[in-house]
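Each chain, written out:
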Amino acid sequence: LDSIDGKHARRTQSSTPLGELFDHGLDSWATSIFVLSFFSVCSRDNGKTGVSVYTMYIYLSIVLFNFMCSHWEKYNTGVLFLPWGYDISQVVLIAAYLLTGALGVEVWQKPFLFGYYITDALVILLIGFSLLLSFPQTLYNIHRAHLKKTLKNDSLYEGLLPLVSPLLLFILLTIWVVLSPGNILAKQPRLFLWMVGVAFSNVICKVIICQMSSTRPDLFHWFLFPLALVVYASISGLLGWMEEAALALFTVLVTAAHVHYGVCVGKQLSEHLNIYIFSLKKRVQE
């Protein structure tokens, strides 16, 4: 139903910023959950078959990067242009579920063609779509808006501002993955990837609200500060055997903060726009 919610909202004359936030905000969260589900389907690397946790981290990072670029583009141009790669990714994911249901998980553990596995082909397709289609299309659309003088932000600083927090978030997380003395990603892959998805979703949701309201995003998202402390304590050895506990605690923190943020913003928009959430009825004016 992802592609028809906007059409239905316009048909019922109920299209609002609240609906846009629900749609894209939940997409930003669901994107990481889809990657986690694919990780479970194709299984973890056992030395012969499966996908390594590091490949899945790169896979998730690329998917989130694509999502971020689309909303960064809208922040600058005012137009959300989704390349057809998004539709292809949904079709491929559905096909993967159906293939697993019909043939079993063994289909991911056998060579598909010339000794390569299906997962190898999917990763190549993902990187290809991202680097050769989605990202270049984003840059082209921003450049075209610049030539037409329709950019919402004339300043280069203002235009790049939404990218600062996501890039710093990715740098800190990658440092943790690479330098973790306890190999945290290998020990807690799903918990770590869940945390990555939730943190990025909150950062992207704030960019979505900024582009909806024509306001400036914060230079540094507040998640960066506790994350930097946890990463430093982990890679310096201060946490020792408590690194996994610190990951769990930070994951609970960002998940609770993200849910709280979504509920509060949803209620505020509901009251401001005089509408109910999940209902076409108007609020009764006080």
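Quick caveat: nothing in here was measured; it's all calculated off a predicted structure.

Topic: the overall build of the protein
Thought 1: If you tally the helices and strands in the protein, you get 10 helices and zero strands.
Thought 2: The N-to-C order of helical and strand elements in the protein reads α-α-α-α-α-α-α-α-α-α.
Thought 3: Since a compact globule built from 286 residues should have a radius of gyration of about 19 Å, the 20 Å found for the protein is in line with a globular shape.
Thought 4: Taken along the three principal axes of its C-alpha coordinates, the protein extends 60 × 45 × 45 Å.
Thought 5: Buried positions account for 42% of the 286 residues belonging to the protein.
Thought 6: Long-range pairs, those at least 24 residues apart, make up 74% of the contacts in the protein with a sequence separation of at least 6.
Thought 7: If you sum the accessible surface of the protein, you get close to 16100 Å²; carbon and sulfur atoms cover 68% of it.

Examining the nonpolar core
Thought 1: Counting residues in hydrophobic clusters, the biggest one holds 49 residues, and the most contacted among them are F38, W108, L173, W176 and F192.
Thought 2: Grouped together as the second largest cluster of nonpolar side chains are 14 residues, L18, F67, L163 and I204 included.

As for the environment of K282
Thought 1: Inspection of the secondary structure puts K282 in the segment after α10 (243-272).
Thought 2: For the pair K282 and S270, spaced 12 residues apart in sequence, the C-alpha to C-alpha distance is 9.8 Å.
Thought 3: If sequence neighbours within four positions are ignored, K282 has contacts with N274, I275 and Y276.

Some remarks on the pattern of salt bridges
Thought 1: Counted by the stated rule, this structure contains two salt bridges.
Thought 2: A salt bridge links K74 to E20, with the nearest nitrogen and oxygen atoms 2.4 Å apart. Remark: E20 occurs in helix α2 (residues 17-42) and K74 occurs in helix α3 (residues 53-77); sequence separation between them is 54 residues.

A few points about helix α8 (residues 189-213)
Thought 1: The first and last C-alpha atoms of α8 sit 36 Å apart over 25 residues, in line with the 36 Å expected at 1.5 Å per residue.
Thought 2: The buried fraction of α8 is high, at 18 of 25 residues.
Thought 3: One or two positions beyond α8, positive phi appears at S214, with a value near 55°.

Observations regarding the UniProt feature "transmembrane region" (unreviewed entry) in the protein
Thought 1: The sites that UniProt annotates as "transmembrane region" (unreviewed entry) are residues 51-69, 81-102, 114-135, 156-179, 191-209, 221-239 and 245-263.
Thought 2: As a span, residues 51-69 carries 89% helix and 0% strand, and end to end its C-alpha atoms are 26 Å apart.
Thought 3: Its end C-alpha atoms 33 Å apart, residues 156-179 is made of 100% helix and 0% strand.

Regarding the packing of aromatic side chains
Thought 1: Counted by the stated rule, this structure contains nine aromatic pairs.
Thought 2: Residues Y57 and F170 carry aromatic rings whose centres are separated by 6.3 Å and whose planes lie at 5° to one another, so their mutual orientation is stacked. With Y57 in helix α3 and F170 in helix α6 (residues 156-179), this residue pair connects regions lying 113 residues apart in the sequence.
Thought 3: Taking relative accessible area as the criterion, Y57 reaches 5% and is therefore assigned buried.
Thought 4: Given a relative accessible area of 33%, F170 falls into the partly exposed group.
Thought 5: Residues W176 and F192 carry aromatic rings whose centres are separated by 5.4 Å and whose planes lie at 70° to one another, so their mutual orientation is edge-to-face. Taken together, the residues W176 in helix α6 and F192 in helix α8 connect sequence positions 16 residues apart. For the residue pair W176 and F192, the accessibility class agrees, reading buried in each case.
Thought 6: Aromatic ring contacts, followed pair by pair, group Y57, F170, W176 and F192 into a single cluster.

Focus: the side chain of T138
Thought 1: If you trace the backbone, T138 turns up in helix α5 (residues 118-147).
Thought 2: Among the residues examined, T138 registers a relative accessible area of 3% and is labelled buried.
Thought 3: When near neighbours in sequence (up to four residues on either side) are disregarded, T138 contacts C69, W72 and E73.

Points about the packing of α2 against α10
Thought 1: The interhelical angle for the contact between α2 and α10, taken along N-to-C directions, is 165°, at an axis separation of 10 Å. One element, α2, and the other, α10, form an angle in the roughly antiparallel class. Crossing of α2 over α10 shows left-handed handedness. Here L18, L21 and W29 of α2 lie close against α10, whose contacting residues are H258, V259, V265, G266, L269 and S270.
Thought 2: Split by residue class, the contact of α2 with α10 holds six nonpolar, three polar and no charged.

So, the environment of K206
Thought 1: In this structure, K206 sits in helix α8.
Thought 2: Separated by 100 residues in sequence, K206 and E106 have C-alpha atoms that sit 41 Å apart.

Conventions adopted
Counting restarts for each chain: residues are numbered from 1 in the order of the written sequence. This being a predicted model, a pLDDT of at least 70 is required before a residue's local features are given, and a value of 80 or more before pairs of side-chain atoms are given or counted; all residues contribute to the totals for chains, interfaces and linings. With hydrogens and water set aside, each side-chain value is computed from the structure's full complement of heavy atoms. Segments assigned H or I by DSSP are reported as helices when at least four residues long, segments assigned E as strands when at least two residues long, and all are numbered from the N terminus. We take the radius of gyration over the C-alpha atoms and set the globule estimate at 2.2 Å times the residue count to the 0.38 power. Relative accessible area decides the class of each residue, using a 1.4 Å probe on protein chains only: under 20% of the type maximum gives buried, over 50% gives exposed, and in between gives partly exposed. Throughout, a residue-residue contact means that at least one pair of heavy atoms, one from each residue, lies within 4.5 Å. Note on areas: Shrake-Rupley with a 1.4 Å probe; residue coverage comes only from the protein chains shown. Among the buried residues, those of types Ala, Val, Leu, Ile, Met, Phe, Trp, Tyr and Cys that are joined through side-chain atoms within 4.5 Å form a nonpolar core. We define a salt bridge as a contact between a side-chain nitrogen of Lys or Arg and a carboxyl oxygen of Asp or Glu at a distance within 4 Å. To estimate how far a helix should reach, multiply one less than its number of residues by 1.5 Å. UniProt positions are given in the numbering used here, feature names are shortened, and annotations may be inferred rather than shown by experiment. Working definition: rings of Phe, Tyr and Trp (its six-membered ring) pair if their centres are within 6.5 Å, and the pair is stacked with planes under 30 degrees apart, edge-to-face with planes over 60 apart, and tilted otherwise. Helix axes use the C-alpha atoms of the stretch in contact, all axes being lines fitted to C-alpha atoms, and the angles between their N-to-C directions lie in the range 0 to 180 degrees. Oblique is the label for any angle not under 35 degrees, not over 145, and not in the 65 to 115 range, which are roughly parallel, roughly antiparallel and roughly perpendicular in turn. Here a crossing is called left-handed whenever its near helix is offset anticlockwise from the far helix by less than a right angle, and right-handed whenever the offset is clockwise. Each residue gets one label: Ala, Val, Leu, Ile, Met, Phe, Trp, Tyr, Cys and Pro are nonpolar, Asp, Glu, Lys and Arg are charged, and the others, such as Gly, are polar.

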